[in-house]
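Architecture at a glance
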Amino acid sequence: MKRSTLHTGKHFPDKEIPRLLLLRAAFIIITAALLWSTVEGNSVFAQPATAPATGKTGATVAPIRTAERNITAPNGSFVARLRQAPSDPRAGEAVNTEVELSEKVEGGFGGAENQPVTGTVVARITTAAGETIANNIETHAEGTPPRAGVYGVHYEFPRGGEYKLIFNVRTQDGRSFDADFPVSIVAAPVNWLFWFGVAALGIISAGAIFGYYRSWRNENADVYGERVPASTAWRKTVPVAIAALVFFGLGTAALAYFTPPNERRAIAALPPAPAAGEAATSPVTGDAALGGSGATITISKESQLLFSIRTAPVEARNIVAGLKVTGTVQARPDARAVVSPPVSGRVFLDSKITTGAAVSKGQRIGYVEQILGAPEQAALEAQRIGLRTAALEQQARQAEQNALAQQARTRLAQANRELQRATNLLEVGAAPRRRVEEANTAVLIAQQEVASAEQQARIATQQAQLARASIERVDPTRRFPLLAPVTGIVSGLNTATGQQTEAGAQILNIVNLSTVFLQAQVFERDLPTVRESRRASYTSPALNGEVYAIGEGGEGRLVTVGQSVDPNTRTVPVIYEVPNPLNRLRDGMFVEITLDTTGNQTVLSVPKQAVITEQGRTFVFVFDGGEQFERRVVTLGAEGQDYMEVNYGLRAGERVVTEGIYQLRSTQPG
């Protein structure tokens, strides 16, 4: 085979020369390209697809997120305004945050102005679930010169997720409060230049190893007389493989240093906030004449989950709205009972009877023990003596009757023997048949005498036993049972076990609250409304805001409208009967009752918790289905227990925010 000599002095087969030259040329070209892209490409690929404007230093001027918190503490009212850049922070980026703290101070003429808060401010970062990520982060003054009440924090979040940035403030005069803001961190986009460079380094390293391996086998084939064994070639290639792996590792480290695996943005410092009276750097959205109506707020889906934002549709409903009155809860007359002892004495209640215990009708709940006085006991002793005398007489009569019964049984035995003897003589013809008949008659008479005597003996025995029992029942202590007259709950105990109680005293009260009366006091001028109303609703603080309907579409009914007017209050009692959910309504509790005056008319309405009132205007937050929320002024009509009529500002089918409104109100429009 024809060989060629390179300047190194080594001999290679002619067909290997182009391949080696091409491999070395590719190695040099790709390495140079990687080094150039590492130095120059970082400023290109590290920017987002839609790069914002840059400042004089070349750092990205990212959009600024603003938020505000109104904090009412026992020792003052404060305002915390947050500015954060970028508004969409990524994992691994330094997030620039500053908070401006001020206190609301009433002026000398009744006007309120904000004074900057000075003191010690430290920050801490937790997850949305409350797990602490960083604690006691020192803050620094912001601005040149530093602005009073403005504190800055720079922090790099290692990974994406939902976090809370909490500022712990302690003022110079010793007061303290906290201000927290949610922060949503997203994962940084992948930097494909890094992975392209890693792939290129891998190809170069693998190409160098396998190229040297093949070249060495072909070059030394004539030395071995045949193709070089693979094991020998691989051993010769080990130094080259080590050098290639070192090259791959160093190249990857250089790429990671100059071009990280994820895109990084160089974030510029926060620009100074506009001073009082200066125009803001971003336009204010919304109609100022309507208090900001029409302003839009952007909340990411992750932050919506963090804020627990919930919405409800705007739709036509048949709401219960009209006359509102107050009422009280009353137990039904047939479901209330008082337990009283029939006689004077000491009360003994069962161990399970206590306030709140459930009892059923006819259940024995205790007894009353009556003890006689001295005169009654003397009379009772005389009665006991008389009973003892009667008992002795009955015992004597019992003995006499037993003796008579024994004599009758003896005569019966004699008559039986005489009958047997007469029968034997008749069989041998020694006695006439008349003798046998007479003996048989005597036996029958004796049997009747025995039965009568035994019956008299049993009666005498029973009378003697009754006489002895009467003696035992004559006792100066008597017990009378106490029974529950109705099924219900023991609502009050007025005595203790062993306490002396007079006859007719109230020992305990039993009430059944499964169904109760609601008694409302309605002014006489509103009586026509009550007569025409077919529906009502009620609620109470004990029901946690739950509203229950009465009449059509609900449980309960109107029982009666009073027939007389209270001369002092000029009101008429109106009584409704309603079921008591889980017995949460208590006897005597106040309730708020709304008597429907709208009839069966359906009106466009929203939940009451969606309505916000600020500075004399009423707003709702309208959800557009994505990440936008619009602050919109509305005009309301009739107010029900749980819904409010909307006369202007909303359309059927739109959705309004019912939960998470605080977070929306504290987020600045943008």
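Here we summarise the structure given alongside this text. (Residues numbered from 1 in each chain as written. Predicted model: local features only at pLDDT ≥ 70, side-chain atom pairs only at ≥ 80, totals over all residues. Heavy atoms only, no water.)

1. Overview of the overall build of the protein
Rules: Numbered from the N terminus, helices here are DSSP runs of H or I no shorter than four residues, and strands are runs of E no shorter than two. Note on exposure labels: buried denotes an accessible area under 20% of the residue type's maximum, exposed denotes more than 50%, and partly exposed covers the range between, all computed with a 1.4 Å probe on protein chains only. The contact definition used throughout considers only heavy atoms, calling two residues in contact when any of these lie within 4.5 Å. All accessible-area figures derive from a Shrake-Rupley calculation using a 1.4 Å probe, and residue coverage is judged against the displayed protein chains alone.
Within the protein, the regular secondary structure consists of 10 helices and 37 strands. Counting every position in the protein, which comprises 670 residues, the buried fraction comes to 38%. Here the analysis covers contacts within the protein between residues at least 6 apart in sequence; of these, 70% occur between residues at least 24 apart. For the protein, the exposed area adds up to about 37,500 Å²; of that, 55% sits on carbon and sulfur atoms.

2. Describing helix α5 (residues 230-258)
We apply this condition: By this rule the span expected of a helix is its residue count minus one, scaled by 1.5 Å. By definition, a residue's bend is the angle between the axes fitted to the seven residues ending there and the seven starting there.
Its 29 residues place the ends of α5 40 Å apart at the C-alpha level, agreeing with the 42 Å of an ideal helix rising 1.5 Å per residue. In the structure, α5 departs most strongly from a straight axis at V238, where the bend amounts to approximately 45° and where the proline P239 lies between one and four residues downstream. Among all positions in α5, only T232, A233, T237, A241, A244, G251 and L255 are buried.

3. Focus on the nonpolar core
Put simply, the rule is: Residues enter a nonpolar core if they are buried and are Ala, Val, Leu, Ile, Met, Phe, Trp, Tyr or Cys, with the set joined through side-chain atoms within 4.5 Å.
Ranked by size, the top nonpolar core spans 29 residues in total, and within it L101, I125, F157, F167 and F181 carry the most contacts. Elements supplying a minimum of two residues to this core: β3 (65-73), β4 (76-85), β5 (94-106), β7 (119-127), β8 (132-138), β10 (150-156), β11 (161-171) and β12 (176-185). With residues near it in sequence (within four places) discarded, F167 still touches L82, T97, V99, V121, V122, A123, V153, F177, D178, A179 and F181. Counting 25 residues, the second-largest nonpolar core is a separate cluster that includes V329, A331, L513 and L595.

4. Quick notes on the sheet that holds strand β19 (residues 358-359)
Inclusion rule: Paired strands, in this sense, are two strands between which DSSP finds at least two bridges.
Strand order in the open sheet formed by 4 strands is β17-β24-β22-β19, with antiparallel pairing between adjacent strands. Each having just a single partner strand, β17 (336-339) and β19 make up the two edges of the open sheet. Pairing of β19 with strand β22 (residues 488-493), which is carried by 2 bridges, proceeds in the antiparallel orientation. Bridge pairing in β22 places V359 opposite G488.

5. So, the pattern of salt bridges
Operational definition: We define a salt bridge as a contact between a side-chain nitrogen of Lys or Arg and a carboxyl oxygen of Asp or Glu at a distance within 4 Å.
Applying the stated rule across the entire model yields 15 salt bridges. Within the structure, one salt-bridge network assembled from shared partners comprises R332, D334, R557 and E577.

6. Observations concerning the pairing of strand β37 (residues 655-659)
Within a regular beta strand, the side chains point alternately toward one face of the sheet and then the other, so they alternate between its two faces. Note that strand β14 (residues 310-313) and β37 share 4 bridges and pair antiparallel. Looking across to β37, one finds that A312 is bridged to V656. Bridge count for strand β33 (residues 617-623) against β37 is 2 bridges, and the pairing is antiparallel. Among the inter-strand pairings, F623 is bridged to a residue of β37, identified as R655.

7. Remarks on the sheet that holds strand β36 (residues 643-648)
Inclusion rule: To obtain an axis, a line is fitted to C-alpha atoms, over the contacting stretch when the element is a helix, and the angle between two such axes runs from 0 to 180 degrees between their N-to-C directions.
The strand order across the open sheet built from 4 strands is β15-β31-β36-β35, with neighbouring strands paired in antiparallel fashion. In the strand order of this sheet, the two ends are held by β15 (315-317) and β35 (635-639), each with one partner. Geometrically, the sheet is characterised by an average inter-axis angle of 55° between neighbouring strands, direction not taken into account.

8. Observations regarding the environment of V359
With respect to the element layout, V359 can be found in strand β19. C-alpha of V359 to C-alpha of N512: the two residues are 153 residues apart in sequence and 9.9 Å apart in space. Not counting the four nearest positions on each side in its chain, V359 is found in contact with I353, I365, A484, V486, T487, G488, V490 and I510.

9. Section: the side chain of Q304
Along the chain, Q304 turns up in helix α6 (residues 301-307). The exposure class assigned to Q304 is buried, which follows from its relative accessible area of 10%. Filtering out sequence-adjacent residues up to four positions away, Q304 remains in contact with I299, I309, F623, G626, E627 and F629.

10. Here's the deal with the pairing of β33
Most of β33 is tucked away, with 6 of its 7 residues classed as buried. The hairpin formed by strand β32 (residues 612-614) and β33 contains 2 residues between the paired strands, and Q615 there has a positive phi angle of roughly 50°. With 5 bridges joining them, β33 and strand β34 (residues 628-633) adopt antiparallel strand pairing. Of the residues in β34, the one forming a bridge with F623 is F629. In this antiparallel pair of consecutive strands, β33 and β34, the connection spans 4 residues, and G625 shows a positive phi of 95°.

11. Quick look at the packing of aromatic side chains
The criterion, for reference: Only rings of Phe, Tyr and Trp enter the pairing, Trp through its six-membered ring, and a pair is recorded when the two centres are within 6.5 Å. The plane angle decides the type: under 30 degrees is stacked, over 60 is edge-to-face, the rest tilted.
Considering all chains together, one arrives at 8 aromatic pairs under this definition. A centroid spacing of 4.9 Å and a plane angle of 80° characterise the contact between F194 and W195, whose relative ring orientation is edge-to-face. Its relative accessible area of 6% is what places F194 among the buried residues. Residue W195 is classed as partly exposed on the basis of its relative accessible area of 44%. Taken together, a centroid distance of 5.2 Å and an interplanar angle of 20° make the contact between F348 and Y367 stacked. Taken together, the residues F348 in strand β18 (residues 345-349) and Y367 in strand β20 (residues 364-371) connect sequence positions 19 residues apart. In this structure an aromatic cluster arises from ring pairing among Y155, F157 and Y163.

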